[in-house]
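One-letter residues, chain by chain:
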Amino acid sequence: MTIDIFWRLPTHGCHSSIRRASNDRGDWSVTGAHHLAPGLDGAGEEDGYAYIDHLAQIAKAAESAGFQGGLIPSFPMTDDPWVISALLARETRSFRFMIAFQPGFGNPVQSAQAAASLQRASGGRALFNIITGGGGPAQLWWGDSFAHDDRYGRTSEWLDVFRGVWEQGDFSYDGRFYQITHGGLPPHLRAEAFPEMWFSGSSEAALEVSARHADYYLSWLEPFDQLAAKFARVKERTAALGRQQKVAVRVDLVARKTEEEAWRDIASGFDNVSQATRDSWRNQRGDSVGSARQAAVRPTEATHWRDLKIAPGLWGGFNLLRGGPAIGIVGSYEQCAEKLDELIALGADGFILAGTPHLEEAWRVGEEVLPLLGRHNADLREAAE
Amino acid sequence: MSLSIHWQLDVAAEPARNEPSARTALPGLIRDLRHAGQNRFDYYAQVAQATAQTAFDGLYLPFRAQADETRIVASALAREVRGLALIAEFPASVGSAVYAAKQAVTFQRGAQGRLGWAIAPDDAPNARAARGDTVSDGDLTLRLAEFLTVAHGVHSQRPFSFKGDFFEVEQGGFADPLNRPAFPPVYLRGDSEEALAVSARHGDIHLFSATADLPSSIAALTALAEKAGRQVAAGLLQPVLARESDEEAAQDAARLALPPGTLVGSFDTVAADLAVLVALGVSHIVLSASPQLEEAYRLGQHLLPRLRARLAARPIAA
């Protein structure tokens, strides 16, 4: 058994420390002397670098430090993952571009053509994190007015078509959302490997579509027993369809030489959170089941960073420090590796890891944590039996 | 008025060149170190480099349903060919206009604002059905208009809301810094009255074919644009066959199947012909010839300097 480990490309800027939320990498906040990509040169003039130059650095660090590739998230305020992947395809070597994509946003035939071209540009390094949307105002921002369960129906049909035109030279389809008459990619595009599909979504509708279409089911980190039950449910549903699906966890790490050092960074980050961020953190909305499942296990108010310690080594306030999932792993290199081993013992086949700043932490986690994986695994398995 | 000269990179042309499954095998006695990792994209990159190194202003990639997707190709080339405009053509059936606009913004941010958006003319009904495009013939113009209205809208307004027949947005619009780069110039084409009318309202550059009656077409375009309170530049898709002498060009033309409207002649003759077109008001020329790598060098080295020298000697809008 081998485990697939990915990193993440931050698509709306990054910060030079987990202790401070201001994006001093990229142009999402006002540029100052300490900013980079874009930044200022020695004479105080704009240096001509763009955020993509920083993303290139992160991708190269990740592929060199032992990660297969990285998840490239997509939200209203982010850059677009398809374009990032194509921009970086020819200057990276082994980095696999995991494109977060809501299928409804692209014509499935055009998307298949683009994906096959990206495979050709990158030597087969494109894959997808299929998301179906958290609902609420963001979906309408994107111009998408479909209701939650309709969106899953559309995702399912979209994947039928995307695969159909890729695998068959003459493909027709008569669905509720898509109709294709004698479509199909040309042979030289169809010859490319069909991209792996990682699927997110915690609702019943999501699990059902995932069981039919996904190679990996991707979950945010949840308390381990809750996660184990979810994994079991996914695998059971998939097996019932005669398929196999792997499961993976998307989680941030604060991994330091000592546990004390790791929590000190969390404490400092928590103390620097602005009032505005705290207010919006309390009032999160949307129809995403995944967010709700994470929200259910952490307090809705926190005056001290310790209030958000939800289990040994797990902290539930990461979304106060940066956008994204709430629960992450905090500890020494050894402890972080142990947590990942526990998740492997619970059935995890893959991870999307991340840490801030993404560039330096790719090297740190690659050099200090990944080499420790597997030491606790055998013991834990025996203990579980 | 300045002239932009672009080169056409047709991703479907010279299909066997650097296509690993199609390239000519070398005899067994030759040790062949080529691997599958070397492919079409290296060829595209070479054409793009040729274009940049011979001082073209940009690369124009026509949409091809049965070949690589042009926006992916343009993005994959953008960081290794600096300074070249990259005009990617795609159909208005690509999907969400918001998503397409967002992708354009990331391109602009990552490639110093060098993207051009060319919207492909709509295919025949059966070709559209093969791509899952079920919009009826009568609605295509409306769909295109809505697509461009929404794409521009989310880029330039916040909040932006729109409810049309094909696209709907509520409280949309890109926030800083995504709204900083310029929206890519929109290239539309077609010689019909209807195509001109769409350009007048939604296009920045209208590309005429080489067989269009330019004086009357440009006049019609300008009049329609003025009525809409806009300015639309006139462009031209121009195949050329240029050689050292008129005789040599005529000989080659006789044995090649050339696209209609191809300009044939010596470098001087073709430069003079193009200068006449520029004097008629053409400010964007997309040159094309085959094979596109060798011809980019030939025309870049021998035609462009002659054309530019002529235009410099007789300023267009003095």
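As a reminder, the structure under discussion sits directly above these lines.
Cut-offs used in this document
Residues numbered from 1 in each chain as written. Chains lettered and ligands numbered in written order. Predicted model: local features only at pLDDT ≥ 70, side-chain atom pairs only at ≥ 80, totals over all residues. Heavy atoms only, no water. Helix = DSSP H or I, 4+ residues; strand = E, 2+ residues; numbered from the N terminus. Rg over C-alpha atoms; globule rule 2.2 N^0.38 Å. Contact = heavy atoms within 4.5 Å. Areas by Shrake-Rupley, 256 points an atom, 1.4 Å probe, with all protein chains shown as cover. Core = buried A, V, L, I, M, F, W, Y, C linked by side-chain atoms within 4.5 Å. Buried < 20%, exposed > 50% of the residue type's maximum accessible area, 1.4 Å probe, protein only. Salt bridge = Lys/Arg side-chain N within 4 Å of Asp/Glu carboxyl O. Polar contact = N/O pair within 3.5 Å; in protein donor to acceptor, adjacent residues only side chain to side chain. Phe/Tyr/Trp six-rings, centres within 6.5 Å; stacked < 30°, edge-to-face > 60°. Lys NZ or Arg CZ within 6 Å of the ring centre and 35° of its normal.

The secondary structure content of chain A amounts to 15 helices and 13 strands. Taking 21 Å as the expected radius of gyration for a compact globule of 385 residues, we find that chain A reaches 21 Å, a close match to that expectation. Principal-axis analysis of the C-alpha atoms gives chain A an extent of 60 × 60 × 40 Å. For chain A, the share of sequence-separated contacts (at least 6 apart) that also reach a separation of at least 24 residues comes to 70%. Carbon and sulfur atoms make up 49% of the accessible area of chain A, which totals about 14,600 Å².

What follows deals with the nonpolar core. Core analysis: the largest hydrophobic core is formed by 182 residues, its most contacted members being Phe67, Leu221 and Leu353 of chain A together with Trp117, Ile119, Phe147 and Leu287 of chain B. Ranked by residue count, the leading element in this core is helix α1 (residues 51-65) of chain A, at nine residues. Contact partners of Leu353 of chain A, with chain neighbours within four places excluded, come to Ile5, Phe6, Trp7, Arg8, Phe67, Val251, Leu253, Leu340, Val365 and Leu370 of chain A. Core analysis: the second largest hydrophobic core is formed by 17 residues, Trp281, Trp305, Phe318 and Leu321 of chain A among them.

All names here are of chain B. Looking at the secondary structure, you find Ser4 in strand β1 (residues 4-8). For Ser4, a relative accessible area of 18% gives the class buried. Ignoring anything within four residues of it in the chain, the contact list for Ser4 reads Asp57, Ser283, His284 and Ile285.

Counting residues at the interface gives 52 residues for chain B and 52 residues for chain A. The interface formed by chain B and chain A includes eight salt bridges. Between Arg120 of chain A and Glu19 of chain B there is a salt bridge whose closest N-O contact spans 2.8 Å. Applying the counting rule to chain B against chain A returns 32 residue pairs in polar contact (both at pLDDT 80 or more). Those elements giving two or more residues to the side of chain B that touches chain A turn out to be α1 (40-53), α2 (70-78), α3 (97-110), α4 (125-130) and β6 (168-172) of chain B. For the side of chain B that touches chain A, the leading source of residues is α3 of chain B, giving eight residues.

Under the defined criterion, the tally for this structure stands at 31 aromatic pairs over all chains. With centroids separated by 6.3 Å and ring planes inclined at 65°, the aromatic side chains of Phe90 of chain B and Phe147 of chain B adopt a geometry described as edge-to-face. In this pair, Phe90 of chain B is assigned in strand β3 (residues 85-90) and Phe147 of chain B in helix α5 (residues 140-156), connecting sequence segments 57 residues apart. Using a relative accessible area of 0% as the deciding quantity, one classes Phe90 of chain B as buried. Following the ring pairs from residue to residue traces out a cluster consisting of Trp82, Phe101, Phe105, Phe128, Trp141, Trp142, Trp158, Phe162, Trp166 and Phe194 of chain A together with Tyr99 and Phe174 of chain B. The ring centre of Phe270 of chain A lies 4.9 Å from the NZ or CZ of Arg278 of chain A, which sits over that ring.

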